[in-house]
Amino acid sequence: MLIHTNLEKQQFHLSNGKVSYIFQVMKNGHLGHLYYGKALRHRSDFSHLQTYDVPTAASCHVYEDDPAFSLETLRQEYPAYGNSDFREPAISVGKDNAPNVPDFKYDSFRILEGKPRLEGLPATYSDKASTIQILLKDEFLQAELTLNYTIFQDKPVITRSASLKNYGTENLVIDRMMGASVDFPDKDFIFTHLSGTWSRERHVKERRLEMGNQSISSLRGASSHHHNPFLALKRLEATEHTGEVFGFNFVYSSNFIMQVEVDHYDTARLTVGIHPFGFKWNLLPHEVFQTPEVVMVYSNKGLNGMSQAFHSLYRENLIPAHWRKEKRPILINNWEATYFDFNEDKLVKIAKSASELGIELFVLDDGWFGKRNDDTSSLGDWHVDLTKLPNGLESLAKKTSNIGMKFGLWFEPEMISPNSELYREHPDWAVGTPHQRTFGRNQLVLDFSRPEIVDYLYKEMADIIKLTKLSYIKWDMNRNITEAFSQKLASNQQGEFFHRYILGVYSLYERLTSEFPHVLFESCAGGGGRFDPGMMYYAPQAWTSDDTDAIERLKIQYGTSFAYPIYSMGSHVSAVPNHQTLRTTPLLTRANTAYFGTFGYELDPLTLSEEEREEIKGQIVFYKNHRDLIRDGLFYRLLSPFLNNEAAWMVVSQDQSEALVGYYKVLATPNSPKQQTLRLSGLNETAAYSVAGNNQAYYGDELMQVGLQLPTEFNGVNGKSAERGGDFQSHVFYLRSIDIGEKDKRME
Ligand code: GLA
């Protein structure tokens, strides 16, 4: 049983042996929070976990004769503001001529096996989970609030969301409605998040919680390059491998906030949801508003434990079922090889040459449609440019398939160029108003809050998918939304725009992915500007960053792995000098970094030397041999590129029989230490492992306690025996457990 209820005390305990989450109905009818953390033994009554006392002489309280019962200090499940609690609330909703002080009181509950879908929104799914829905009512507002909690059977994961129904006759206006709010009893945490910008997304940032509000957010109409909708509250002593961490991820791709408010008693209130700035939702009689979902992971095995829980959840319970076990093709993308300058002949030559290397999918990026020779025109005109491709897309797709490759295309469905046929025909389809305009990459955003526009895009894309028998789509989104205004929405509905926009994006994804489940979608937003679980529900992989420099990618991929499986990260080998940093790194290191993702190439194979071609053929064989391990294995971060001149990570198969270890050194060390080892993780202590290319065998405990011996580094005098050296060096090790007979020989 995953959900225990005590009807008399009105208490609820969600527990699966890994995590416990406990709450109860308080004497004022609101839901009070009792505990979230490592699984607790169940007992019939947990009332003693709610302790409270008179806060201060000056504080407000709910009952005249009980000054101790103040919402200022009571831990709550879904708090409101203005009722003796002065912290930021989970919900603010009201109607005309009354203060926005909702008063939701417990009504009833429902337990469901599995997890119901969230209408119109991406969310995790499972039939190995239990859900409890708590119904609360506000009689004055005539509104019913449902809090959804799902606990997964075999994962330290709880998901939360809320919905509000107007069962009255008057209009309600919601100006804040969070997916979840969690009141922690103390503030002894490190606020850990992933921030950056274009070309250096998801760098790990940490700061200690302090009194006051601290938050990350986006108001860009996309989850953003700048702050990922991920937050971990890490205990002060926690590390990558040990200690308690609470991880949160918002399954949403638009404006969000993740905030921790530390109050005057050093308690911490976390709220996660749609950013309330500018948000105003009209809830008409009989309508329901559903918040997106918050995923909450508990780990007592440090940050790696947290990440592994997110990874397995997203692998098994978020991405489209079709792609769970499917091998993703190794791709070549022509963007950095040609930019806008190509024709059919050039593309076919690239595809052919790539196919000879073993690459499986050819992706034609930007520039194949309208009159798009640079980024100043044609977005929205999704018909082939016959000057570049006179035989049409169908011919190119056929030629690609005759070469033995799959065919993929780039789209930017949400955009419109002012210089396009579509804009000339439908200027009102663009977001904004003609009297004021902000520019970004010469393009405007299409008003996806309008279903007729989404229908139009559906038809355009579905026709091309059918015509070309498309295998893959890179869905890009290259500018953020400014002057957020829909020419179709009433003036009192403009506060709904951002949410309606992303619901339109989700509905297009939903239609395309359900009609064409075999088409692999890779989401992209100027690189990694919308790398979030909302997108991952439809697109199992995302273009991690436009920055393909192997050294920059160490940080980007390391940070991204905090929440997202490595197999969701598009990671490609590109040409040198790198187009984003002008850095030159060895081909070996470029591949050694890119292996830990969905692998591909972003270069012109026609310019490669024979030697490079041979090396690349070997890389492709290597990746093909290990891609199941990369898809399904447990990922461990070992050395952080944010702290060291080195980085390391590894992936271990679920049965611990094999592992792939990546080690990277940014700058060479002069007169380097003689004994350099790398301590591994996640192996079977008693199993013996062989390391490819090395005759020695090692026990798992040795590899984890003593470490794996790194190849000898050049130190100025050991020229003959040095096995590595120079800047940007790297090494990937393949470990396999060996059977007893073999073991005996090698262990002697
Ligand atoms: C974005 C993407 C790139 C490429 C270009 C094409 O920047 O992130 O990978 O597709 O658009 O214009």
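Residues numbered from 1 in each chain as written. Predicted model: local features only at pLDDT ≥ 70, side-chain atom pairs only at ≥ 80, totals over all residues. Heavy atoms only, no water.

Draft legend 1. Quick look at the packing of aromatic side chains. Under the defined criterion, the tally for this structure stands at 55 aromatic pairs. Ring centres 5.9 Å apart and planes at 85° place the aromatic pair F189 and F246 in the edge-to-face group. Of this pair, F189 sits in strand β11 (residues 189-197) while F246 sits in strand β15 (residues 245-251), and the two are 57 residues apart along the sequence. On the accessibility criterion, F189 (0% relative accessible area) is buried. Judged by relative accessible area, which is 3%, F246 ranks as buried. Plain terms: the ring middles of Y558 and F642 are 6.1 Å apart, the flat faces sit at 65° to each other, and that makes the pair edge-to-face. In this pair, Y558 sits in helix α9 (residues 550-560) while F642 sits in the loop between β31 (634-639) and β32 (646-652), placing the two residues 84 residues apart along the sequence. Y558 gets classed as buried once you look at its relative accessible area, which sits at 2%. If you follow R511 out to its NZ or CZ, it ends over the ring of Y458, 4.1 Å from the centre. (Phe/Tyr/Trp six-rings, centres within 6.5 Å; stacked < 30°, edge-to-face > 60°. Helix = DSSP H or I, 4+ residues; strand = E, 2+ residues; numbered from the N terminus. Buried < 20%, exposed > 50% of the residue type's maximum accessible area, 1.4 Å probe, protein only. Lys NZ or Arg CZ within 6 Å of the ring centre and 35° of its normal.)

Draft legend 2. View of a negative patch on the surface. A cluster of like negative charges, contributed by D188, E210, E237 and D266, occupies part of the molecular surface. Tracing the backbone through its elements, the reader meets D266 in the loop between β16 (256-262) and β17 (268-274). Judged by its relative accessible area of 31%, D266 falls in the partly exposed class. (Patch = residues over 30% accessible without salt bridge, like charges linked within 9 Å, V, L, I, M, F, W, Y side chains within 5 Å. Areas by Shrake-Rupley, 256 points an atom, 1.4 Å probe, with all protein chains shown as cover. Salt bridge = Lys/Arg side-chain N within 4 Å of Asp/Glu carboxyl O. Lys, Arg positive; Asp, Glu negative; His and termini not counted. Charge placed at Lys NZ, Arg CZ, Asp CG, Glu CD.)

Draft legend 3. Here's a closer look at the pairing of β32. Taking burial as the measure, the 7 residues of β32 include 6 buried ones, the bulk of the element. Sheet topology note: the β31/β32 ladder contains 5 bridges and is antiparallel. Within β32, the residue paired with R637 across the bridge is W649. Hairpin connection from β31 to β32: 6 residues lie between these consecutive antiparallel strands. Examined bridge by bridge, β32 and strand β33 (residues 658-665) share 7 bridges and lie antiparallel to one another. Within β33, the position partnered with A648 by the bridge is Y663. Hairpin connection of β32 to β33: 5 residues between the antiparallel strands, including Q656 at a positive phi of 60°. (Pairing = 2+ DSSP bridges.)

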